Amino acid sequence: IFIDDKPTYLSGSDLENYLRSLPSASLDQIELMTNPSSRYDAAGNGGVINIRTKKTKIVGINGGINLGYIQGDYARTNNSFNVNYRNNKINISENLSYITTNSYSDLDINRHFQNSIGETTSNFLQHSFTRNTGQSITSRLCLDYYVSDKTTLGVSLTAISRPNKQKAIVNSQFLNEANQLDSTIVANNNQDGTFKNTNVNLNYRHQYNKEGRALTVDVDYLNYDMGRQQSFINSSYLRNGMLTNNELLTGDLPTDIKIYAAKADYSHPFKNGIKLSLGAKSNITLTDNEANYFYAVASVKIP
């Protein structure tokens, strides 16, 4: 996914939330490229989706506010604010969004085990209820300086913060062939997640002529600061309700990713319809992941 020919460097739910934060009034066109040119990095076989935003040519200040409220069993919101200032040499734009998520999963699983002649030997009944809550704040500030009619210098700053929580209660019952309770396990699972992303982009654009001969240069720095704190408590009970075992599994999963990227692309069209594209790109990615798990029984933690 590209925004104005620049890669978003996001995937999954983070990309979804970022795309939701883009107000529809700011979109100009969406380009689908199954066979993109060399200036695009096409990961996998899916090609490239390039979302082009409107370039305001009106001198002065203009903007808009979008407010969204969705009500189901729980409420959630989708809000954004954008403002743009332009004069003959400078264009400044800011897009700020605030999104809340609030969902749940209510799941029942009933398993009945049979022997070779079809008689029930045991039963497993499980009910789980999971709540997912969170919020996403995205800010994108762009500054373009028009050196001339053909040359543009630009800088953009993007910041994303997305804390979230997941709480789940799982009740599992084991029953014998007569459908009588044998034992029960109650799981109380909690996960607190954080996601922070900052992206700084410096860009240079030069259009040599109206036919399309152009040179573009981009330099990017991205930082991802992510983490997840996990707590899984399992309590085992006999049929009479007596607690027989209580165990705790905790997880601490910090992730830090830094990406440095620089690229330059040159395109030269010819009169016979042939177009020559040349480009170079260099990437440095530094990734630091930790997965720290501890198993605790009777308040004693074991790595």
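Residues numbered from 1 in each chain as written. Predicted model: local features only at pLDDT ≥ 70, side-chain atom pairs only at ≥ 80, totals over all residues. Heavy atoms only, no water.

On to the nonpolar core, then. One finds Ile-3, Leu-10, Leu-15, Tyr-18, Ile-51, Ile-160, Phe-195, Leu-222, Tyr-224, Ile-257 and Ile-259 forming the largest nonpolar core, which totals eleven residues. Elements with a minimum of two residues in this core: α1 (12-20), β12 (214-238) and β13 (243-269). Excluding its chain neighbours within four sequence positions, the residues that come into contact with Leu-222 are Tyr-9, Thr-198, Asn-199, Ile-257, Lys-258 and Ile-259. (Core = buried A, V, L, I, M, F, W, Y, C linked by side-chain atoms within 4.5 Å. Buried < 20%, exposed > 50% of the residue type's maximum accessible area, 1.4 Å probe, protein only. Helix = DSSP H or I, 4+ residues; strand = E, 2+ residues; numbered from the N terminus. Contact = heavy atoms within 4.5 Å.)

Here we take up the sheet that holds strand β1 (residues 2-3). Spatially, β2-β1-β4-β3 is the arrangement adopted by the four strands of the open sheet, whose pairing is mixed. Each having just a single partner strand, β2 (6-7) and β3 (27-33) make up the two edges of the open sheet. By the bridge criterion, six bridges tie β3 to strand β4 (residues 48-53) in an arrangement that is antiparallel. Paired with Leu-27 across the two strands is Thr-53, which belongs to β4. (Pairing = 2+ DSSP bridges.)

Let us look at a nonpolar patch on the surface. Taken together, the side chains of Ile-61, Tyr-85, Ile-92, Leu-141, Leu-143, Leu-157, Val-200, Leu-202 and Val-219 present a nonpolar region at the surface, about 730 Å² in accessible area. Mapped onto the elements of the fold, Val-200 is located in strand β11 (residues 181-207). (Patch = residues over 30% accessible without salt bridge, like charges linked within 9 Å, V, L, I, M, F, W, Y side chains within 5 Å. Areas by Shrake-Rupley, 256 points an atom, 1.4 Å probe, with all protein chains shown as cover. Salt bridge = Lys/Arg side-chain N within 4 Å of Asp/Glu carboxyl O.)

This brings us to the confidence of the model for the protein. Interpretation of this model should avoid reading the predicted coordinates in detail wherever pLDDT is low. Here the protein averages 89 in pLDDT, while 96% of its residues score no lower than 70. Mean pLDDT per element in the protein: α1 is the minimum at 73, and strand β10 (residues 164-175) is the maximum at 96. (pLDDT = per-residue confidence, 0-100.)

A few words on the pairing of strand β14 (residues 275-289). Both faces of the sheet carry side chains from a regular strand, because those side chains alternate between them. Bridging between β13 and β14 involves 15 bridges; their strand directions are antiparallel. Residue pairing for β14: Pro-269 is matched across the bridge by Lys-275. Taking the residues between adjacent antiparallel strands as the criterion, β13 and β14 are bridged by five residues, where Gly-273 takes a positive phi near 95°.

A positive phi angle, near 65°, is found at Asn-179, a position not held by glycine. Along the chain, Asn-179 falls in the loop between β10 and β11. With relative accessibility at 48%, the residue Asn-179 sits in the partly exposed group.

On to the pattern of salt bridges, then. Counted according to the given criterion, the structure contains five salt bridges. Lys-165 is the partner of Asp-192 in a salt bridge, and the nearest nitrogen-oxygen pair spans 3.4 Å. Linking Asp-192 in strand β11 with Lys-165 in strand β10, this pair joins segments that are 27 residues apart in sequence. For Asp-192, a relative accessible area of 33% translates into the label partly exposed. Given the relative accessible area of 41%, Lys-165 is considered partly exposed. Note that Arg-205 and Asp-218 form a salt bridge whose closest N and O atoms lie 3.3 Å from each other. With a gap of 13 residues between them, Arg-205 in strand β11 and Asp-218 in strand β12 connect regions that are remote in the sequence.

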